[in-house]
Amino acid sequence: MEFGFELALCAHLEAATDWVLARQLGGAVAAPGSRIVDIVGLVPGPAFDERTRITDRTIPPKAVESDAGVGEAVPVAEAVDARPDRARGIADAAVDRGFFTEERHGGTRYVRKATRYPDDWVDELVAIENKPDLGRPGDLRRQLRVDASLALFDRVVLATESHVTGAHLNRIPESVGVWRFRPAAGEHEVIREATPLDTDGPGVELLAEHPGRTDVAIVSADEKAEKRRRIAERAYGKGWRTYAFPGCDNCGATADGRPRCAHFDRVVDPASDCGESCSGWQPGDPASGDDDAAALRDARTPWERDPPGVARRQAGLDRFG
Ligand code: SF4
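The structure contained in this document is the topic of the report that follows. (Residues numbered from 1 in each chain as written. Predicted model: local features only at pLDDT ≥ 70, side-chain atom pairs only at ≥ 80, totals over all residues. Heavy atoms only, no water.)

So, the overall build of the protein chain
At step 1: Looking only at helices and strands, the protein chain features 11 helices and 14 strands.
At step 2: The C-alpha radius of gyration computed for the protein chain amounts to 22 Å, which stays within 12% of the reference 20 Å derived for 321 residues, consistent with globular compactness.
At step 3: Here the C-alpha coordinates of the protein chain stretch approximately 65 × 55 × 35 Å along the principal axes.
At step 4: In the protein chain, which comprises 321 residues, the proportion classed as buried is 49%.
At step 5: Within the protein chain, residue pairs in contact and separated by at least 24 positions form 65% of the contacts whose partners lie at least 6 positions apart.
At step 6: For the protein chain, the exposed area adds up to about 15,700 Å²; of that, 47% sits on carbon and sulfur atoms.
At step 7: Each charge sign in the protein chain was given a centre, from 43 positive and 55 negative side chains, and these centres are 2 Å apart. (Helix = DSSP H or I, 4+ residues; strand = E, 2+ residues; numbered from the N terminus. Rg over C-alpha atoms; globule rule 2.2 N^0.38 Å. Buried < 20%, exposed > 50% of the residue type's maximum accessible area, 1.4 Å probe, protein only. Contact = heavy atoms within 4.5 Å. Areas by Shrake-Rupley, 256 points an atom, 1.4 Å probe, with all protein chains shown as cover. Lys, Arg positive; Asp, Glu negative; His and termini not counted. Charge placed at Lys NZ, Arg CZ, Asp CG, Glu CD.)

Shown next, in the form of structure tokens:
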């Protein structure tokens, strides 16, 4: 149920906003992996177009954070803060994505940034936690407390299909917004607006709760800024259509690219619902692939597929420099 709800909400937000959406991204700093956010909405900032021009994929964070400048090439070992083999891999990926250019001097490989990394291409990061059925809240309270006290995202929203009562609202942090979303109708109603969080300051990350005691880590403003940039990059490269369609003839693609099973008459999660053990399995070719997902994303969002890049332009300028 949650997978279908999540995809329906992504499709709805994609149509209703100019956000770049991605699913299932890490939202913790001190204990990475301890908090996975269901949907991240990246609200474009003033320099968004500068970012789209570079690459349609994620720029490796260590390349963004690199001391290598645009004007001066430096050896890879100095440019990327990582073990030598990892630094080489990161440099390869950054060159591949057109963010670094490379050159050789006396047998040593040097890199430089092909362009300045834009500072303000992201206006806001919105975290959305999906809980279609509030009668089965699972870990919801802890998840939202982590988000509210860490303040890594500008706004945090709980999305549900359930009727929301005052008791529900009292159990979650006041800053968390609440939406009621009906997947069948594709509409969302704002029950409570989210309060903007202080993303520029330090945050408190809840690590574990014991009776009478909570373990926390203080996360600095710089660590948060770095993590936010990483989330934005990941969201930009990843998107939300991350599933592979099953090789089953009963699975088709909705107009917005969700996997819909004709046999069970609903959107399915190919990873958990589909396979030869399914009673409706009909071997065939997958109804949709990565190319279709990218085409839909390009047509429906501000993400730009296969941009011309900036590296070649820089190389051209160099000739006259
Ligand atoms: S494997 Fe089963 S659930 Fe998946 S599309 Fe085929 S019939 Fe539907």
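A few points about helix α10 (residues 290-300)
At step 1: Along α10, the residues that are buried comprise Ala293, Ala294, Leu296 and Arg297. Projection of α10 onto a plane perpendicular to its axis shows the buried side chains occupying an angular sector of 160 degrees, all on one side. Opposite its buried face, α10 presents the exposed residues Asp291 and Ala299, each directed more than 90 degrees away.
At step 2: Next to the buried residues of α10 lie β1 (20-26) and α8 (221-238). (Arc of directions from axis to C-beta.)

Digging into the packing of aromatic side chains
At step 1: Per the stated rule, a full pass over the model turns up 8 aromatic pairs.
At step 2: Ring centres 6.0 Å apart and planes at 40 degrees place the aromatic pair Phe48 and Trp121 in the tilted group. Placement of the pair is Phe48 in helix α2 (residues 48-54) and Trp121 in the loop between β5 (108-113) and β6 (122-130), with a sequence separation of 73 residues.
At step 3: The exposure class assigned to Phe48 is buried, which follows from its relative accessible area of 4%. (Phe/Tyr/Trp six-rings, centres within 6.5 Å; stacked < 30°, edge-to-face > 60°.)

A word on the sheet that holds strand β12 (residues 251-253)
At step 1: One open sheet holds the 3 strands; their spatial order is β12-β13-β14, and the pairing between them is antiparallel. The two strands at the open ends of the sheet, each matched to only one other strand, are β12 and β14 (266-267).
At step 2: Bridge analysis of strand β13 (residues 259-261) against β14 gives 2 bridges, and the strand direction is antiparallel. Residue pairing for β14: Cys261 is matched across the bridge by Arg266. (Pairing = 2+ DSSP bridges.)

Focus on the pattern of salt bridges
At step 1: By the definition in use, this model includes 26 salt bridges.
At step 2: Among the ionic pairs, Asp147 bridges to Arg35, the shortest N-O distance being 2.8 Å. In this pair, Asp147 is assigned in helix α6 (residues 140-150) and Arg35 in the loop between β1 and β2 (36-44), connecting sequence segments 112 residues apart. Arg35 shares its class with Asp147; the two are buried.
At step 3: Here Arg260 makes a salt bridge to Asp265, at a shortest N to O gap of 2.2 Å.
At step 4: Classification of Arg260 by relative accessible area gives partly exposed; the value is 32%.
At step 5: Within this structure, Glu65, Glu226, Arg229 and Arg230 form a network of salt bridges that share partners. (Salt bridge = Lys/Arg side-chain N within 4 Å of Asp/Glu carboxyl O.)

Remarks on the site of the ligand
At step 1: The local shell around the ligand consists of Cys248, Asn250, Cys251, Cys261, His263, Phe264, Asp273, Cys274, Gly275, Cys278, Gly280 and Trp281.
At step 2: A per-class count over the shell around the ligand returns 7 nonpolar, 4 polar and 1 charged. (Near = heavy atom within 4 Å. Nonpolar A, V, L, I, M, F, W, Y, C, P; charged D, E, K, R; others polar.)

Quick word on the pairing of β2
At step 1: Taking burial as the measure, the 9 residues of β2 include 8 buried ones, the bulk of the element.
At step 2: Direction of pairing for β1 relative to β2: antiparallel, over a ladder of 6 bridges. The residue bridging Val20 from the neighbouring strand is Leu42, located in β2.

Notes on the side chain of His12
At step 1: You can see His12 is positioned in helix α1 (residues 2-16).
At step 2: His12 gets classed as buried once you look at its relative accessible area, which sits at 14%.
At step 3: Beyond its immediate stretch of four places on either side in the chain, His12 contacts Phe181, Gly186, Glu187 and His188.

Quick notes on the nonpolar core
At step 1: If you look at the biggest cluster of nonpolar residues, it comprises 52 residues, and the most contacted ones within it are Val40, Leu42, Phe99, Phe100, Trp121 and Phe153.
At step 2: With near-sequence residues (within four places) excluded, Val40 lies in contact with Val20, Leu21, Ala22, Leu25, Leu125, Val126, Phe153, Ile231 and Ala235.
At step 3: Formed by 24 residues, the second largest nonpolar core is a distinct cluster that contains Ile128, Trp179, Ala194 and Val267. (Core = buried A, V, L, I, M, F, W, Y, C linked by side-chain atoms within 4.5 Å.)

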